[in-house]
Amino acid sequence: MATAHNLVSFADTVERRGETRVSLARTGTLRLADELPSREIRIADLNRDGCRIESLLPLAIDQAVTIGIPGVGQNSARITWVGRSDYGCQFDVALPAGSVTAAMTDNVHDLGQTHAAFRAPATFKWAPRGRLMLLGALSLAGWTAITIVAARLLA
């Protein structure tokens, strides 16, 4: 059960947050500093500075944890506030740029299909010299066709 101190701490954290959190709602892992196995958690929202996790584990404010985020990796963090079944975490080091996007785009799965169907088609690009030669050849062919038609009409 959240205490009044925890609720005040939560309100302070929201006001000090530099970036808005993005709703993520995906499974992640949590490893306590003194334990080897990781446990499954739900990452409710995320930004580069921290996240909100949902878990029934008893965690305490300022407890060191390692959070595994799919598409991002393992990140050391500290618990900054405690709710009923959710916790606020602040990363020890801010996530690199693009990490939040990577965590969101990693939500797409291929359902057993090969990735080849989703790749952009290969395109061939002519070298500048080849493009000029092709343009010249097509122009020459066009003028030759016009000359032949004109010669037949005038004959």
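Here the structure is shown first, and the text comes after it.
Residues numbered from 1 in each chain as written. Predicted model: local features only at pLDDT ≥ 70, side-chain atom pairs only at ≥ 80, totals over all residues. Heavy atoms only, no water.

Soluble globular proteins tend to pack their nonpolar side chains together in the buried interior. Within the largest apolar cluster, 22 residues are counted, with the highest numbers of intra-cluster contacts made by Leu30, Leu46, Ile53 and Ile67. At the level of secondary structure, the elements contributing two or more residues to this core comprise strand E1 (22–32), strand E2 (39–46), strand E3 (50–54), strand E4 (64–69), strand E5 (73–82), strand E6 (86–91) and helix H2 (99–105). Those residues in contact with Leu30, other than ones at most four positions away along the chain, are Ser38, Arg39, Ile41, Ile53, Leu57, Leu59, Val65, Thr66 and Ile67. (Core = buried A, V, L, I, M, F, W, Y, C linked by side-chain atoms within 4.5 Å. Buried < 20%, exposed > 50% of the residue type's maximum accessible area, 1.4 Å probe, protein only. Helix = DSSP H or I, 4+ residues; strand = E, 2+ residues; numbered from the N terminus. Contact = heavy atoms within 4.5 Å.)

Counting through the fold element by element, Ala60 comes out in the loop between E3 and E4. Given the relative accessible area of 40%, Ala60 is considered partly exposed. Ala60 sits 22 residues away from Val82 along the chain, and the two C-alpha atoms are 7.0 Å apart. Apart from the residues lying within four places of it in its own chain, the contact partners of Ala60 are Ile79 and Val82.

Taking burial as the measure, the six residues of E6 include five buried ones, the bulk of the element. Summarising the sheet, E3 and E6 pair through five bridges and their orientation is antiparallel. Considered in E6, the bridge of Glu54 is made with Asp86. Taken together, the five bridges between E5 and E6 define a ladder with antiparallel strand orientation. (Pairing = 2+ DSSP bridges.)

What follows is about unusual backbone geometry. The residue Ala25 is not glycine, and still its phi comes out positive at about 50°. Mapping Ala25 onto the fold places it in strand E1. Residue Asp62 is not a glycine yet carries a positive backbone phi of 75°. Positionally, Asp62 belongs in the loop between E3 and E4.

With that settled, consider the sheet that holds E4. Reading around the circumference, E1-E2-E3-E6-E5-E4 is the order of the six strands in this closed barrel, with antiparallel pairing throughout. Neighbour-to-neighbour, the strand axes of this sheet turn through a mean angle of 45°, independent of strand direction. In this structure, E1 lies alongside E2, joined through seven bridges in antiparallel fashion. What sits directly across from Thr27, in E2, is Arg42. (Axes fitted to C-alpha atoms, helices over the stretch in contact; angles between N-to-C directions.)

On to a nonpolar patch on the surface. A surface patch of nonpolar side chains, amounting to about 470 Å² of accessible area, comprises Phe124, Trp126, Leu134 and Leu138. As for its position among the elements, Trp126 is in the loop between H2 and helix H3 (128–154). Judged by its relative accessible area of 42%, Trp126 falls in the partly exposed class. (Patch = residues over 30% accessible without salt bridge, like charges linked within 9 Å, V, L, I, M, F, W, Y side chains within 5 Å. Areas by Shrake-Rupley, 256 points an atom, 1.4 Å probe, with all protein chains shown as cover. Salt bridge = Lys/Arg side-chain N within 4 Å of Asp/Glu carboxyl O.)

Where two cysteines share a covalent bond between their sulfur atoms, that bond is called a disulfide. This model, assessed by the stated rule, comprises zero disulfides. Cys89 provides the cysteine sulfur closest to Cys51, a residue in no disulfide bond, and the two sulfurs are 4.5 Å apart. Given a relative accessible area of 1%, Cys89 falls into the buried group. (Disulfide = S-S within 2.5 Å.)

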